[in-house]
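What follows is each chain in one-letter form.
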Amino acid sequence: MNHNSPRPIAGGIAADGLYWDALEAGEFRLPRCAGCGRWTWPAHWRCGECGSWDFDWTALQPKGVVYSWTRTWYAFDRTRERAGDVPYVVVLVEIDGADGARVMGVLAGDEAALKIGAPVAGTILAPSQKAKGYPSIVWSVQ
Amino acid sequence: MTGSLRGRTAVVGIGQTPLYKRGTAPDPEMKLCLRAIVAACEDAGIPPRDVDGFVSYGSERNEGQKLMPALGTRELRFGALIWGHGGGIPGALGLAASAVVTGQAEVVAVYRSLAEQSGARLRVAVAQDDTAAQYLVNGVDGPVQICSLRTQRMLEADGVPRSTMFALAQAAYHHAQRNPQAAAYGKPFDAGVYEQSRFVSEPYRLYDCSRENDGAVAVIVTSAERAADLVDRPAYILSAPTGAAGGWGPLEENHRPYASSGFEAVARRLWAESGYGPGDVDVAQIYENATGMGVGAILDHGFCTAEEAGGLLTFENLIAPYGRLPVNTSGGNLAEGFVHGMSLVTEAVRQIRGTSVNQVPGAQLSLMTGGPGDSVVSSALLGSGATR
Ligand SMILES: [Zn+2]
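Residue positions are given per chain, counting from 1 as you read along its sequence in written order. Chain letters and ligand numbers both follow the written order, the letters beginning at A and the numbers at 1. For a predicted model such as this one, the threshold for reporting local features is a pLDDT of at least 70, and the threshold for listing and counting side-chain atom pairs is 80 or more; totals across whole chains, interfaces and linings nevertheless cover every residue. Just so you know, side-chain values use all the structure's heavy atoms and leave hydrogens and water out.

### Thoughts on the pairing of strand S12 (residues 365–369) of chain B
Looking down a regular strand, the side chains alternate between one sheet face and the other.
Residue and element names in this part refer to chain B.
Phase 1 of the analysis: The buried label goes to any residue with under 20% of its type's maximum accessible area, the exposed label to any with over 50%, and the partly exposed label to all in between, with areas taken from a 1.4 Å probe on protein chains only. Every helix listed is a DSSP run of H or I at least four residues long, and every strand listed is a run of E at least two residues long, numbered separately from the N terminus. Judged by how many residues are buried, S12 sits mostly within the fold: 5 of 5 residues are covered.
Phase 2 of the analysis: On S12, burial covers both faces: Leu365, Leu367 and Thr369 on one face and Ser366 and Met368 on the other are all buried.
Phase 3 of the analysis: At least two bridges found by DSSP between two strands is the condition for calling them paired. Two strands pair when backbone bridges link them, and strand S11 (residues 283–286) and S12 are joined in this way by 4 bridges, in the parallel orientation. Bridge pairing in S12 places Ala284 opposite Leu367.
Phase 4 of the analysis: One ladder, built from 5 bridges, connects S12 with strand S13 (residues 377–383); its direction is antiparallel. From the neighbouring strand, Ser366 faces S13, where its bridge partner is Leu382.

### Quick notes on the environment of Gly48 of chain A
All names here are of chain A.
Phase 1 of the analysis: Residue position: Gly48 is located in the loop between strand S1 (29–33) and strand S2 (55–59).
Phase 2 of the analysis: The exposure class of Gly48 is exposed, given its relative accessible area of 60%.
Phase 3 of the analysis: Separated by 31 residues in the primary sequence, Gly48 and Gly17 have C-alpha atoms spaced 20 Å apart.

### Brief notes about the coordination of the zinc ion
Residue and element names in this part refer to chain A.
Phase 1 of the analysis: Taken together, Cys33 (SG), Cys36 (SG), Cys47 (SG) and Cys50 (SG) make up the full set of protein donors to the zinc ion, lying 2.3 to 2.4 Å away.
Phase 2 of the analysis: Water is absent from the atoms considered, so a metal site may look incomplete; donors are defined as N, O and S atoms within 2.8 Å of the metal, or 3.2 Å for Na, K and Ca. Counting along the primary sequence, the residues that act as donors to the zinc ion give the motif C-x2-C-x10-C-x2-C.
Phase 3 of the analysis: Given a relative accessible area of 0%, Cys47 falls into the buried group.

### Quick word on the interface of chain A and chain B
Phase 1 of the analysis: By definition in these notes, contact holds between two residues if any of their heavy atoms fall within 4.5 Å. Taken residue by residue, the interface counts 42 residues in chain A and 40 residues in chain B.
Phase 2 of the analysis: A buried area of about 3,600 Å², summed over both sides, lies between chain A and chain B, and 54% of it is on carbon and sulfur atoms.
Phase 3 of the analysis: Take a side-chain nitrogen of Lys or Arg and a carboxyl oxygen of Asp or Glu: if they are within 4 Å of each other, that pair is a salt bridge. The interface formed by chain A and chain B includes 2 salt bridges.
Phase 4 of the analysis: Between Glu202 of chain B and Arg71 of chain A there is a salt bridge; the shortest N-O distance is 2.9 Å.
Phase 5 of the analysis: Under the rule applied, a polar contact is a pair of N or O atoms within 3.5 Å (in protein, one hydrogen donor and one hydrogen acceptor; residues adjacent in sequence only if both atoms are side-chain atoms). Inspection of the chain A/chain B interface yields 23 residue pairs in polar contact (both at pLDDT 80 or more).
Phase 6 of the analysis: Looking at the side of chain A that touches chain B, the elements with two or more residues in it are helix H1 (17–24), strand S3 (63–72), strand S4 (88–95), strand S5 (102–107) and strand S7 (136–141) of chain A.
Phase 7 of the analysis: With 6 residues, the top contributor of residues to the side of chain A that touches chain B is S3 of chain A.
Phase 8 of the analysis: Among the residues making up the side of chain A that touches chain B, the classes are represented as 24 nonpolar, 9 polar and 9 charged. By convention, the term buried area covers the 1.4 Å-probe accessible surface removed from two parts as they join, with the contributions of both added. Charged residues are taken to be Asp, Glu, Lys and Arg, nonpolar residues to be Ala, Val, Leu, Ile, Met, Phe, Trp, Tyr, Cys and Pro, and polar residues to be all remaining types, Gly included.

### A word on the packing of helix H1 (residues 29–44) of chain B against helix H2 (residues 64–71) of chain B
Residues and elements named next belong to chain B.
Phase 1 of the analysis: Orientation of H1 relative to H2, taken along the N-to-C sense of each, is 65°, at an axis distance of 11 Å. Taken together, H1 and H2 sit at an angle that is classed as roughly perpendicular. Crossing of H1 against H2: the hand is right-handed. Only Lys66, Leu67, Ala70 and Leu71 of H2 make contact with H1, whose side of the interface consists of Met30, Cys33, Leu34, Ile37 and Val38.
Phase 2 of the analysis: Broken down by class, the residue content of the contact of H1 with H2 amounts to 8 nonpolar, no polar and 1 charged. Every axis corresponds to a line fitted to the C-alpha atoms, with the helix fit spanning only the stretch in contact, and the corresponding angles, defined between N-to-C directions, vary from 0 to 180 degrees. For classification purposes, an angle smaller than 35 degrees is called roughly parallel, one larger than 145 roughly antiparallel, one from 65 to 115 roughly perpendicular, and anything else oblique. Working rule for handedness: look at the near helix, and if it is turned counterclockwise from the far one by less than a right angle, call the crossing left-handed; if clockwise, right-handed.

### Digging into the layout of surface pockets
Phase 1 of the analysis: Site definitions follow a grid-based scheme: protein atoms alone, a 1 Å grid, a 1.4 Å probe that fits but cannot get out for cavities, and for pockets an open set with protein on both sides within 12 Å along at least five of seven lines, plus lining residues having an atom within 4 Å of a point. Grid points are joined across faces, edges and corners, and a volume is the space filled by probe spheres set on the points. What the second largest pocket holds in volume is close to 490 Å³.
Phase 2 of the analysis: What lines the second largest pocket is a set of 22 residues, and nearest its centre among them are Arg38, Thr40, Trp41 and Pro42 of chain A together with Leu251 of chain B.
Phase 3 of the analysis: Of the residues in the lining of the second largest pocket, the class split is 11 nonpolar, 6 polar and 5 charged.
Phase 4 of the analysis: Boundary definitions for the domains trace back to an automatic or database domain assignment. Residue assignment places the lining of the second largest pocket across two domains, with domain 1 (1–59) and domain 2 (61–142) of chain A each supplying three or more.

### Let's talk about the nonpolar core
Phase 1 of the analysis: Only buried residues count toward a nonpolar core, which is a set of Ala, Val, Leu, Ile, Met, Phe, Trp, Tyr and Cys residues joined through side-chain atoms within 4.5 Å. By size, the foremost hydrophobic cluster in this structure holds 80 residues, and its most contacted members are Ile37 and Ile220 of chain B.
Phase 2 of the analysis: With 9 residues, the single largest contributor to this core is helix H8 (residues 163–176) of chain B.
Phase 3 of the analysis: The contact partners of Ile37 of chain B, leaving out residues within four places of it in the chain, are Leu67, Leu71, Ala109, Tyr111 and Ala218 of chain B.
Phase 4 of the analysis: If you look at the next biggest cluster of nonpolar residues, it comprises 38 residues, including Leu18, Tyr19, Cys33 and Trp39 of chain A.

### What to know about the packing of aromatic side chains
Phase 1 of the analysis: Pairing of aromatic side chains requires ring centres within 6.5 Å, counting the rings of Phe and Tyr and the six-membered ring of Trp. Pairs whose planes differ by under 30 degrees are stacked, by over 60 edge-to-face, and all others tilted. Considering all chains together, one arrives at 16 aromatic pairs over all chains under this definition.
Phase 2 of the analysis: Their ring planes at 90° and their centres at 5.7 Å tell us that Tyr287 of chain B and Phe338 of chain B sit as a pair that is edge-to-face. One end of the pair, Tyr287 of chain B, is in the loop between S11 and helix H12 (291–300); the other, Phe338 of chain B, is in the loop between helix H15 (332–336) and helix H16 (342–353), and 51 residues separate them in sequence.
Phase 3 of the analysis: In this structure Phe338 of chain B comes out as buried when scored by relative accessible area, which is 6%.
Phase 4 of the analysis: Members of the aromatic cluster, each reached through a chain of ring pairs, are Tyr19, Trp20, Phe28, Trp41 and Tyr134 of chain A.
Phase 5 of the analysis: A ring is considered to have a charge above it if a Lys NZ or an Arg CZ atom is located within 6 Å of its centre and within 35 degrees of its normal. If you follow Arg7 of chain A out to its NZ or CZ, it ends over the ring of Tyr134 of chain A, 5.6 Å from the centre.

### Remarks on the environment of Gly23 of chain B
Phase 1 of the analysis: Along the chain, the position of Gly23 of chain B falls in the loop between strand S2 (20–21) and H1.
Phase 2 of the analysis: Separated by 25 residues in sequence, Gly23 of chain B and Pro48 of chain B have C-alpha atoms that sit 28 Å apart.

### Examining the side chain of Asp27 of chain B
Phase 1 of the analysis: Relative to the helices and strands, Asp27 of chain B resides in the loop between S2 and H1.
Phase 2 of the analysis: Among the polar contacts made by the side chain of Asp27 of chain B, one reaches the side chain of Arg35 of chain B at a distance of 3.1 Å.

This is the structure:
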């Protein structure tokens, strides 16, 4: 993969097109520097450690542990698509085997065992209106 | 120290409009901005047309060149914006000081203005352009929920007690009772009110979060030499660094260290340049977009460790006049009003002047910390003639 598909949300560094492309294809991939092997997340254009401009988008299991979480009780302006789900929990997940890289996602299922350090597994969802037309990962505590 | 800004400039004028409930300002944003700058000039005894530098931060839209006709500006010699959002406020003082010390400008207005009518819900506008898909796709709208994730980690993994968040809010509301200009003036606040308020995004309740007001705030920075001729008690800028250490920035929650408000590198430079340390500070204005982030800023500046936080950050310790570290003495963003933190700068100056409604007797060192958790942050230490 060597291109970035255009995506509607313009914020951030916006070098993560291949992340969404992979999710849309049902795969969870994060970029790894082709020069030094370092996991470089969030995606950027150049490895600041070795200077390489090339990245291998490497498939991973969507598994990890809860690094932090919040339960949202308010329907915020820019995430109105989820107003009907309030309250909902968003987890920040430290991915297994990716040098501490973290991604976010909504928590599905039982919240009783939710805590920092709890193991979680992700399910990849097809693009949806709730996710602003993007594919996404929902997580559940294992 | 060669190249140091320490004590070479001072804040000589402060001005602010009333802080109106959002969407209710009688004037458009630019007019509010002009009123604040003119008030700061009058306070300093400087004709508005003498202002030759304009500095702000974040998404300020009232650039100096737009203000020139109304101020009678003879020549605009310096104009710049610090990147980031509320993180840049105290650093804007440092940028103004840099311009003055290097002869680029003589009289610099540092200001922030905000009005919903003309600003079209700035909170939305501000965050729209730089919120990454990773957030919005996953139900994270912006600052409040992002702060929630970071603070939850600070509480649950680092063991900072929740009582510190309530204490910061309680101190702010307490101070606001002596400030007739404050949004929370005359509004009682206690543990019951706090705990009965609804959650916005855990661990944050409504009373943990700042809410934007309409208004404008400005200060005037000039050289220490000129300051001494203008006012009795200039607030000397001892240090006002801006920055982000490697491992910090717009990293979509991959910041390291994570349970931090991002000030460690800036605080190190602040203490090194000023020659003072946290134990010397008499009073502090701590920008709190949310209480826990303010707690993080206090930790990052070295006032205490996570283990010590519960002991230091109590209501008694955080209030003027005699607490160990009086904070947010005009009510702060939470209880005075929120113009993206700029009213904390004027209060930091008042403490050096001895004119705060919650004055810390004989305050000689006054700290202001900028928007915590922003991708770049900044802090400023103001001093009196004695600590310059
Ligand atoms: Zn590399």
